[in-house]
Amino acid sequence: MVYALLTAAVTAYLLGNLNGSVCISALVADDDVRKHGSGNAGLTNFFRNYGGWSSLLVILVDMLKAALAAFGAGWMLASFGRYQEGLVLGAVMVSLGHDFPVLLGFKGGKGVLCGFTAALIMDWRIALLMLGVFLIAFAITRYVSLGSILGALTCAVGFGIVYHGNWAYMAGGIFIGCLAIFMHRSNIVRLLKGKESKIHLIHRNLNK
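J.: What is the right way to look at the overall build of the protein in this model?
T.: Within the protein one finds ten helices and zero strands. Its helices and strands taken in sequence order, the protein reads α-α-α-α-α-α-α-α-α-α from the N to the C terminus. Taken over C-alpha atoms, the radius of gyration comes to 17 Å for the protein, in line with the 17 Å a tight globule of 208 residues would show. Principal-axis analysis of the C-alpha atoms gives the protein an extent of 55 × 35 × 25 Å. Looking at the protein as a whole, 48% of its 208 residues qualify as buried. Of the contacts formed within the protein by residues at least 6 apart in sequence, a portion of 64% connects residues at least 24 apart.

J.: How should I be thinking about the layout of surface pockets in this particular structure?
T.: Which parts of space are left empty comes out when a probe the size of a water molecule is rolled across the atoms. A volume near 1200 Å³ is recorded for the largest pocket. For the lining of the largest pocket, the secondary structure elements donating two or more residues are α3 (43–49), α4 (54–78), α6 (112–122), α7 (124–141), α8 (144–162), α9 (167–183) and α10 (185–193). Counting residues per element, the lining of the largest pocket draws most heavily on α8, at seven residues. Classifying every residue of the lining of the largest pocket by side-chain character gives 22 nonpolar, 21 polar and seven charged.

J.: How do you make sense of the pattern of salt bridges when you look at a structure like this?
T.: Here the idea is simple: oppositely charged side chains can pair when their charged atoms come close. Considering all chains together, one arrives at five salt bridges under this definition. The salt bridge involving R190 is made with E196; its shortest N-O contact spans 2.8 Å. Overall, the relative accessible area of 32% leaves R190 in the partly exposed class.

J.: What should I look at first to understand the packing of aromatic side chains in this one?
T.: In the structure shown here, the tally under the stated rule is four aromatic pairs. Pairing F134 with F138 gives two aromatic rings, centres 6.1 Å apart and planes at 0°, and the pair type is stacked. Residue F134 and its partner F138 are both found in helix α7; the two are separated by four residues, about one turn of the helix. In this structure F134 comes out as partly exposed when scored by relative accessible area, which is 22%.

J.: Mind showing me how you'd approach the nonpolar core here?
T.: Side chains of nonpolar character tend, in soluble globular proteins, to be buried together. Grouped together as the largest cluster of nonpolar side chains are 20 residues, with contacts concentrated most on V88, M122, F159 and Y169. Of all elements in the fold, only α4, α5 (83–99), α6, α7, α8 and α9 reach the threshold of two or more residues within this core. Broken down by element, this core gets its largest block of residues, five residues, from α6. Setting aside residues up to four positions removed in sequence, Y169 forms contacts with Q84, L87, V88, M122, F159 and Y163.

J.: When you look at the environment of G37 in this model, what are you seeing that I'm missing?
T.: Mapped onto the secondary structure, G37 falls in the loop between α2 (20–29) and α3. Residues G37 and V112, spaced 75 residues apart in sequence, show a C-alpha to C-alpha distance of 18 Å. Not counting residues within four places of it along the chain, the set of residues in contact with G37 comprises N45 and N49.

What counts, and at which threshold
- Residues numbered from 1 in each chain as written.
- Predicted model: local features only at pLDDT ≥ 70, side-chain atom pairs only at ≥ 80, totals over all residues.
- Heavy atoms only, no water.
- Helix = DSSP H or I, 4+ residues; strand = E, 2+ residues; numbered from the N terminus.
- Rg over C-alpha atoms; globule rule 2.2 N^0.38 Å.
- Buried < 20%, exposed > 50% of the residue type's maximum accessible area, 1.4 Å probe, protein only.
- Contact = heavy atoms within 4.5 Å.
- 1 Å grid on protein atoms, 1.4 Å probe; cavity = no way out; pocket = protein on both sides within 12 Å on 5 of 7 lines; lining within 4 Å.
- Points joined across faces, edges and corners; volume = space filled by probe spheres on them.
- Nonpolar A, V, L, I, M, F, W, Y, C, P; charged D, E, K, R; others polar.
- Salt bridge = Lys/Arg side-chain N within 4 Å of Asp/Glu carboxyl O.
- Phe/Tyr/Trp six-rings, centres within 6.5 Å; stacked < 30°, edge-to-face > 60°.
- Core = buried A, V, L, I, M, F, W, Y, C linked by side-chain atoms within 4.5 Å.

So this is what it looks like as structure tokens:
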């Protein structure tokens, strides 16, 4: 079982290194999203710099890799009767791989899409609540970061309450939510100072 655990963890982590923003910016623009804007390899920075349909490809890549990591780890541990624990392990490790990718010099994204996908796989009800909180916060303020932070908080609190007693799901959900909040620490500072940038869905690509 130790071999299966290590294989599942490493595989999920390496899948997390497959960053959607970095891959798609290279494919569609022969560029690196980390050279522009905030320098972050996340969806928001990608949208600000490239916009358009290519942002949907970023979403697809990041959500697909998270799903593959979680289900793959669950499958690897299923024969030991630890399918649910495998799902959580894959979800946590793919999030760490996305946020701190060794193959990209540990400069990754902030784990929002990975965290949402993980929550969707673990409990779709909590994921829908996260999405609702994000959409409401974004619609009112136009701050993607604020919506993401509140959504991540919803993840941590939701899994802490709903899965109290189920240590794997509770710990995994809380960790993923808190990790996303931690990755937004600079955004929190800018929000408190009133210096955070807003974003609008009708995007004009200034690089063209």
